[in-house]
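Chains, contacts and geometry: an overview
So you can see what is in the structure, the chains are spelled out below.
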Amino acid sequence: MVQVTPFLLILSMVLVAPGHSAKKCVLTGRWMNELGSNMTILAVNGKGEFSGFYHTAVTATMNEIQVSPLQGSQHRTNQKSHPTFGFTVNWSFSDSVTVFTGQCFVDDEGNEVLKTMWLLRSQVDGIKNDWKATRVGTNVFIRLHSRQECKWQQGGSQASDTAGSASRSFCSAACYTQ
């Protein structure tokens, strides 16, 4: 019996582990980054193309922020659970364009996360000012859930907004009103 126990332990690990990590990250839906910017990615077609809307929470211009269109492409995944993607936001309220590239992940707690890097190109008056026209940065997006989904995930009540880690406050920080 002692020899059977290690075999059963290894067998159970092999059978259970793939099911545990099988959740795929899906781009479609509503997302929020650490600055409070929100985006909605609509359906991804068979070619991996998608469109949507981006509502930034920050701007370097004095113009009123407006929801702006986005267009993108996801690497066709087939069996891949963490797809790479890229999209362009053509800002409706400024003479700037931002391109994002990133990867969609599922973290250890089962939350979907988009890790991105971006380049923002602003219009300048001439080549002598080209040096200041491009900015670079990173953003992490988490999926927004409806309040109803959050209540269900938390067993009937929302998580506290004062939770210390991003994973513990994921649902409360990323809920929206339906």
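Keep in mind that what you see is a predicted model, and the values were worked out from it rather than measured. (Residues numbered from 1 in each chain as written. Predicted model: local features only at pLDDT ≥ 70, side-chain atom pairs only at ≥ 80, totals over all residues. Heavy atoms only, no water.)

Some thoughts on the nonpolar core
Formed by 20 residues in total, the largest nonpolar core has its most connected members in Met39, Tyr54, Phe87 and Leu114. For this core, the secondary-structure elements that each account for two or more residues are strand 2 (38–41), strand 3 (49–55), strand 5 (84–90), strand 6 (96–106) and strand 7 (112–122). (Core = buried A, V, L, I, M, F, W, Y, C linked by side-chain atoms within 4.5 Å. Buried < 20%, exposed > 50% of the residue type's maximum accessible area, 1.4 Å probe, protein only. Helix = DSSP H or I, 4+ residues; strand = E, 2+ residues; numbered from the N terminus.)

Details of the pattern of salt bridges
What the rule picks out here adds up to two salt bridges. Glu112 serves as the salt-bridge partner of Arg143, at 2.5 Å between the closest nitrogen and oxygen. Pair noted here: Arg143 is in strand 8 (residues 134–143) and Glu112 is in strand 7, with a separation of 31 residues, a long-range link. An identical accessibility class is assigned to Arg143 and Glu112; each is buried. Note that Asp130 and Arg121 form a salt bridge whose closest N and O atoms lie 2.6 Å from each other. Among the residues examined, Asp130 registers a relative accessible area of 35% and is labelled partly exposed. (Salt bridge = Lys/Arg side-chain N within 4 Å of Asp/Glu carboxyl O.)

Section: the packing of aromatic side chains
Inspection of every chain in the model, using the stated rule, returns eight aromatic pairs. Aromatic pair Phe50 and Phe87: ring centres 6.5 Å apart, planes at 65°, arrangement edge-to-face. Of this pair, Phe50 sits in strand 3 while Phe87 sits in strand 5, and the two are 37 residues apart along the sequence. The exposure class of Phe50 is buried, given its relative accessible area of 3%. Taken together, the aromatic side chains of Phe50, Tyr54, Phe85, Phe87, Trp91, Phe93, Phe100 and Phe141 make up a single cluster linked through ring pairs. (Phe/Tyr/Trp six-rings, centres within 6.5 Å; stacked < 30°, edge-to-face > 60°.)

Section: the confidence of the model for the protein
Chain-level pLDDT for the protein is 79 on average; 67% of the residues reach the 70-or-more range. Within the model, pLDDT remains below 50 along residues 14–20, and this stretch shows one contact once partners closer than five positions in the same chain are excluded. For the stretch residues 156–173, pLDDT sits under 50, and the model shows 28 contacts to residues farther than four places along the chain or on other chains. (pLDDT = per-residue confidence, 0-100. Contact = heavy atoms within 4.5 Å.)

A closer look at the state of the cysteines
The tally for this structure, following the rule as stated, stands at one disulfide. Cys25 shares a disulfide with Cys104; S-S distance 1.8 Å. Taking the sign of the S-S torsion, -70° for the link of Cys25 and Cys104, the bridge is left-handed. Residue Cys25 is located in the loop between helix 1 (4–20) and strand 1 (29–33), and its partner Cys104 is located in strand 6; the two are separated by 79 residues in the primary sequence. Residue classification places Cys25 among the buried positions, given a relative accessible area of 5%. (Disulfide = S-S within 2.5 Å.)

A word on the environment of Arg76
Position of Arg76 among the secondary structure elements: in the loop between strand 4 (68–74) and strand 5. Here Arg76 falls in the exposed class, since its relative accessible area comes to 56%. Each residue touching Arg76, except ones within four places of it in the same chain, is listed here: Gly46, Lys47 and Gly48.

Notes on the sheet that holds strand 5
Spatial strand order, 1-2-3-4-5-6-7-8: eight strands in a closed barrel with antiparallel pairing. Each strand of the sheet is rotated relative to its neighbour by a mean of 30°, with strand direction disregarded. (Pairing = 2+ DSSP bridges. Axes fitted to C-alpha atoms, helices over the stretch in contact; angles between N-to-C directions.)

Focus on the pairing of strand 5
In strand 5, alternate side chains face the same way, and those of Phe85, Phe87 and Val89 are buried while those of Thr84, Gly86, Thr88 and Asn90 on the opposite face are not. Two strands pair when backbone bridges link them, and strand 4 and strand 5 are joined in this way by five bridges, in the antiparallel orientation. Looking at strand 5, one finds that Ser73 is bridged to Gly86. Summarising the sheet, strand 5 and strand 6 pair through seven bridges and their orientation is antiparallel. In the strand pairing of strand 6, Asn90 is matched with Val97.

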